[in-house]
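Secondary and tertiary structure notes
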Amino acid sequence: AGKVAFITGAARGQGRAEAVRLAADGADIIAVDLCDQIASVPYPMATPDDLAATVKLVEDTGARIVAQQADVRDEAALGTALNAGVAELGRLDIVVANAGIAPMLSGADGWRDVVDVNLTGVFHTVEVAMPTMVEQGEGGSIVLISSAAGLIGIGGGDRGSLGYTAAKHGVVGLMRAYANHLAPHSIRVNSIH
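Residues numbered from 1 in each chain as written. Predicted model: local features only at pLDDT ≥ 70, side-chain atom pairs only at ≥ 80, totals over all residues. Heavy atoms only, no water.

1. Some thoughts on the sheet that holds strand 3 (residues 65-69)
Here six strands make up an open sheet; going across it, the order is 3-2-1-4-5-6 and the pairing parallel. Edge positions in the sheet fall to strand 3 and strand 6 (187-192), since each of these pairs with one other strand and no more. Sheet twist, expressed as the mean angle between neighbouring strand axes with direction ignored, is 10°. In the sheet, strand 5 (residues 140-145) pairs with strand 6 via six bridges, with the strands oriented parallel. (Pairing = 2+ DSSP bridges. Helix = DSSP H or I, 4+ residues; strand = E, 2+ residues; numbered from the N terminus. Axes fitted to C-alpha atoms, helices over the stretch in contact; angles between N-to-C directions.)

So this is what it looks like as structure tokens:
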């Protein structure tokens, strides 16, 4: 109760589930999602209608939500979306860097896209959230969504698959570095696999 959670990739699936669960537990939500297609991703990605559905589900819990379309690959746009949410909801306590893609069997473009979203996007998420959390001086929790592929070398020789595994391993490195960096501020950083 009284906490605000920032969740990327919140339009559907795991991100939506995280938003609804945290809202049901009393948190207000800042939700972002690309709501657009990335060419190398072989399945349909979330839409603006999906994000609107997340908004309704969160509001149905009684929580407040600020939802915006933003691309985790664009640090400035992500920061703008987060700052709009903080301006309306007043604080930031929880970060869930959830946005991710799985462009398996995607060919040459898969490597760049999956590293940009699944690793650089996580970096951007923490970077835009960190100043507010540190300035508040009240600690907090940052959760980086990795995968079993962040612990073992799964996947085949496709560039998208290799990029996925490399990016998810990179998330573990970010978690460890940020955990050390933010510990003096009582901000926990964990990865989920």
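There is more to say, and it comes next.
2. Looking at the side chain of Asn118
Checked against the element boundaries, Asn118 lands in helix 4 (residues 108-136). Polar side-chain contacts of Asn118 include one of 2.8 Å to the backbone nitrogen of Ile101. Leave out the neighbours within four places in its chain, and Asn118 touches Ala99, Gly100, Ile101, Tyr164, Ala167, Lys168 and Val171. (Polar contact = N/O pair within 3.5 Å; in protein donor to acceptor, adjacent residues only side chain to side chain. Contact = heavy atoms within 4.5 Å.)

3. What about the packing of helix 3 (residues 75-89) against helix 4?
Each pair of packed helices can be summarised by the angle the axes make with each other and by the distance between the axes. Packing of helix 3 against helix 4 leaves a shortest axis separation of 9 Å and a crossing angle of 40°. Taken together, the axis directions place helix 3 and helix 4 in an arrangement best described as oblique. As helix 3 packs across helix 4, the resulting crossing turns out to be right-handed. Every residue of helix 4 that contacts helix 3 at Glu75, Leu78, Gly79, Leu82 and Val86 is listed here: His124, Thr125, Glu127, Val128, Ala129 and Thr132. (Parallel < 35°, antiparallel > 145°, perpendicular 65-115°, else oblique. Left-handed = near helix turned anticlockwise from the far one by under 90°.)

4. A short note on the pairing of strand 1 (residues 4-8)
Two faces, one strand: in a regular strand the side chains alternate between the faces of the sheet. In terms of residue burial, strand 1 counts as a mostly covered element, since five of its five residues are buried. Of the two faces of strand 1, the one lined by Val4, Phe6 and Thr8 and the one lined by Ala5 and Ile7 are each fully buried. When strand 1 meets strand 2 (residues 28-33), the two strands line up parallel, connected through five bridges. Paired with Ala5 across the strands is Ile29, a residue of strand 2. One crossover worth recording links strand 1 to the parallel strand 2 by way of helix 1 (residues 13-24), and it is right-handed. Summarising the sheet, strand 1 and strand 4 (residues 94-97) pair through three bridges and their orientation is parallel. Residue pairing in the sheet places Ile7 in a bridge with Val96 of strand 4. (Buried < 20%, exposed > 50% of the residue type's maximum accessible area, 1.4 Å probe, protein only. Right-handed = clockwise from strand over helix to strand, strands pointing away.)

5. Structural notes on unusual backbone geometry
With glycine set apart, most residues show a phi of negative sign, and most peptide bonds adopt trans. Positive phi is not limited to glycine here, since Cys35 has a value of about 55°. A relative accessible area of 8% means that Cys35 is categorised as buried. For Ser186, which is not a glycine, the phi torsion comes out positive at approximately 60°. Residue position: Ser186 is located in the loop between helix 5 (159-182) and strand 6. Assessed through its relative accessible area of 52%, Ser186 is described here as exposed.

6. So, the pattern of salt bridges
In this structure the tally under the stated criterion is six salt bridges. The salt bridge partner of Lys56 is Asp60, with a shortest N-O separation of 3.0 Å. Remark: Asp60 and Lys56 occur in helix 2 (residues 48-60); sequence separation between them is four residues, near one turn of the helix. In this structure, Arg91 and Glu138 form a salt bridge, with 2.7 Å as the shortest nitrogen-oxygen distance. Of this pair, Arg91 sits in the loop between helix 3 and strand 4 while Glu138 is found in the loop between helix 4 and strand 5, placing the two residues 47 residues apart along the sequence. One salt-bridge network, held together by shared partners, links Arg91, Asp93 and Glu138. (Salt bridge = Lys/Arg side-chain N within 4 Å of Asp/Glu carboxyl O.)

The analysis is restricted to geometry; functional conclusions fall outside its scope.
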